Structure formats: C-alpha cells, structure tokens
Amino acid sequence: MYNEKVHILDHPLLQHKLTILRDENTGVKEFREIVSEIAALECYEATRDLPLEDVQVKTPITTGTFKTLAGKKLHSKRNFINRFKAEQEGNWRYEPIDARNIGDAWRMNVEWCAEMGCGEDPSLLEESCAVRNCFETFDALGLRGGLLRVGDRAVAFSMGRPLSSDTFIVHIEKAFASVAGAYPMINQQFAAHNCAEYRYVNREDDVGDEGLRKAKLSYRPAILLEKYLVSEKGAKQ
C-alpha cells in the first residue's frame, strides 16, 4: 500500500523525458537539461492545489479580477504590524472607544491635525469638520471606535459602523506617521474587533487624493465601485 502522501507522476511528457534520461546514448549536456525540465514539471504537479484568491489588476485595456496565490498580497502590511509589535512589545494596547477614552481620541485628532496643517489645506479642513461631527454624534450615529495606545499616549484611532448585513464601513482612520506600523496596526485591530462577522469592509472613497488612493489600494480591495454624479437634464451645474 502506498503512503497517502506519495503522488505518482505519470504525465506523458514526464515519462517521455525520463526515458531520454535512461537512454545510454543521452549526452551529459542533454542529461542536465532534461533533469532541469523534469524538476519544473514536478514543481507544476506539486503546486497544483495551492490556494488562490481574487485580486484587482489594472491591465493596459481595463481593470479586472484575476487569480493570484493566496497569502502574499498583504505581506508588507504584516511586516509593518510585526515591526510595531516588536518595537512596542508589552507597551501597546487596543481599546474600544467609549465615554472613558473618547476625549483622548479627540485630543490625538487635534494633535494630528496640527501636524498635518489641516487649517491650511482645504480638503483636510473639510475632512476635519466631518471628523468633529463623528465625535459629537458618536452615540447618535451608532458608531464603533477603536483606540491604539503606546504607553499612555494615543497614537491611532478609527471609527465606523455597520452599513448592511454583510458590510461594515470605516469612516475615519488616523495615526501618527512617526509611529512605525501604527496605521496598519489600527486597521488590523479595528477590523479584528469590529468586522469579523462581515464579509466586506468598505473603506470609503479617496476624494480624488492620489496619496489617499494609493494608501487604500495598498490593502488590495476585493471590489472597486465607480461613483457617478447625477443631475437633472437641463439643470444648471
């Protein structure tokens, strides 16, 4: 009886090349080339059942969904998270935002805005107004929040809420860029604590900002939805 882990390779092309190897008239150079070819064929067979996942790829013609090997697309994010955990070992914690710490999250947001110059950037100023509204109506909007601390200092926070039975939407995500790995860490922790029961996490649009677009695309979204502007025919814009 064969061991269940043994797989017999009986592909016709493989058998043909094995016959060439066995032939006493096969020269050394050809022998080495055939060995390399056989190794490649064995690799194809050995990796036949590797798991695949869908990714969005922009081709020269259009954007489509294609297959890639699973487990690698967020490798860089995992590296940043591992770096954060290593550098802040025993000195970090995640907290759900509630009445006891929402003030700390707000003060962190104010400090973040000061660093980013929100008052001088029209788009950041507009965003800061929306963020303020989320803080002021946190309970009324049914928001959930998460706060990331290093020591006692708040270094990142995120807010969102359920959008539908299968989708959770993240409205806000802020972190200090000076804290390596803080952004992917709050992303991962917030999702783990709030989004496990949902199939999709909607991270909203990029508001036309190229840097924000790249940051969002770096998480390799499963779906990209196009937005449209609808106006009444003949109406003044």
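Since the structure is predicted, the reported quantities are computational estimates derived from the model, not experimental observations.

Talk me through the packing of aromatic side chains; I want residue IDs and the actual numbers.
Each aromatic ring pair is specified by the distance between its two centres and by the angle formed by the two planes. Across all of its chains, the model carries five aromatic pairs by this definition. Residues W106 and F135 carry aromatic rings whose centres are separated by 5.1 Å and whose planes lie at 70 degrees to one another, so their mutual orientation is edge-to-face. Linking W106 in helix α4 (residues 102-116) with F135 in helix α5 (residues 122-136), this pair joins segments that are 29 residues apart in sequence. The exposure class assigned to W106 is partly exposed, which follows from its relative accessible area of 24%. Ring pairs connect the aromatic residues W106, F135 and F157, which therefore count as one cluster.

Outline helix α1 (residues 12-22), listing residues and values.
All of the buried residues in α1 are L14, K17, I20 and L21. Projection of α1 onto a plane perpendicular to its axis shows the buried side chains occupying an angular sector of 115 degrees, all on one side. When the buried face of α1 is taken as reference, the exposed residues oriented beyond 90 degrees from it are P12, T19 and R22.

With reference to specific residues and values, describe the nonpolar core.
Residues I97, W112, L148, V155, F157, M159 and V179 are the most contacted members of the largest nonpolar core, which totals 35 residues. Listed by contribution, the elements that provide at least two residues to this core are α3 (75-87), α4, α5, β4 (144-150), β5 (153-162), β6 (167-175) and α6 (182-194). The dominant element in this core, judged by the number of residues it contributes, is β5, at five residues. Excluding anything up to four places from it in sequence, I97 contacts I102, A105, F138, G145, G146, L147, F157, S158 and M159. Membership of the second largest hydrophobic core comes to six residues, among which are L14, I20, I34 and L41.

Provide a residue-level description of α4, including the pertinent values.
Spanning 15 residues, α4 covers 21 Å between terminal C-alpha atoms, matching the ideal 21 Å at 1.5 Å per step. All of the buried residues in α4 are A105, M108, N109, W112 and C113. The buried side chains of α4 occupy one side of the element, clustering within an arc of 140 degrees when seen end-on. Along α4, exposed side chains directed more than 90 degrees from the buried face belong to R107 and A114. The inward-facing, buried residues of α4 contact α5, β4, β5, β6 and α6. With its phi angle positive at about 70 degrees, G117 sits one or two positions after the end of α4.

Tell me about the sheet that holds β5, and please be specific about residues and values.
Strand order in the open sheet made by the five strands is β3-β4-β5-β6-β7, with mixed pairing throughout. Two strands bound the open sheet, and with one partner strand each, they are β3 (92-96) and β7 (200-202). Within this sheet the neighbouring strands show an average axis-to-axis angle of 25 degrees, counted without direction. In this sheet, β6 lies alongside β5 in antiparallel orientation, the contact comprising seven bridges. In the strand pairing of β6, M159 is matched with I172. Packing of α4 onto the sheet brings it into contact with β4, β5 and β6, and relative to β5 it is tilted by some 110 degrees.

Let's hear about the pairing of β4: which residues, and what values?
In regular strands, side chains alternate between the two faces of the sheet. Within β4, six of the seven residues are buried, leaving the element largely enclosed by the surrounding structure. As defined by bridge partners, β3 adjoins β4 across five bridges and the pair is classed as antiparallel. Of the residues in β4, the one forming a bridge with E95 is L147. Both β4 and β5 contribute to a ladder of seven bridges, which runs antiparallel. Residue R144 lies in a different strand from β5, and its bridge partner there is G160. Remark: two residues form the turn of the hairpin made by β4 and β5, two consecutive strands paired antiparallel; G151 in that turn has positive phi of roughly 65 degrees.

Help me get a handle on the packing of α4 against α5, residues and values and all.
Taken N-terminus to C-terminus, the directions of α4 and α5 make an angle of 175 degrees; their axes are 12 Å apart at the nearest point. By the angle class used here, α4 and α5 are roughly antiparallel. Of α5, the residues touching α4 (which contributes I102, A105, W106, N109, W112, C113 and M116) are L124, E127, S128, V131, R132 and F135. A breakdown of the residues in the contact of α4 with α5 according to their chemical character gives nine nonpolar, two polar and two charged.

Cut-offs and rules
Residues numbered from 1 in each chain as written. Predicted model: local features only at pLDDT ≥ 70, side-chain atom pairs only at ≥ 80, totals over all residues. Heavy atoms only, no water. Phe/Tyr/Trp six-rings, centres within 6.5 Å; stacked < 30°, edge-to-face > 60°. Helix = DSSP H or I, 4+ residues; strand = E, 2+ residues; numbered from the N terminus. Buried < 20%, exposed > 50% of the residue type's maximum accessible area, 1.4 Å probe, protein only. Arc of directions from axis to C-beta. Core = buried A, V, L, I, M, F, W, Y, C linked by side-chain atoms within 4.5 Å. Contact = heavy atoms within 4.5 Å. Expected span 1.5 Å × (residues − 1). Pairing = 2+ DSSP bridges. Axes fitted to C-alpha atoms, helices over the stretch in contact; angles between N-to-C directions. Parallel < 35°, antiparallel > 145°, perpendicular 65-115°, else oblique. Nonpolar A, V, L, I, M, F, W, Y, C, P; charged D, E, K, R; others polar.

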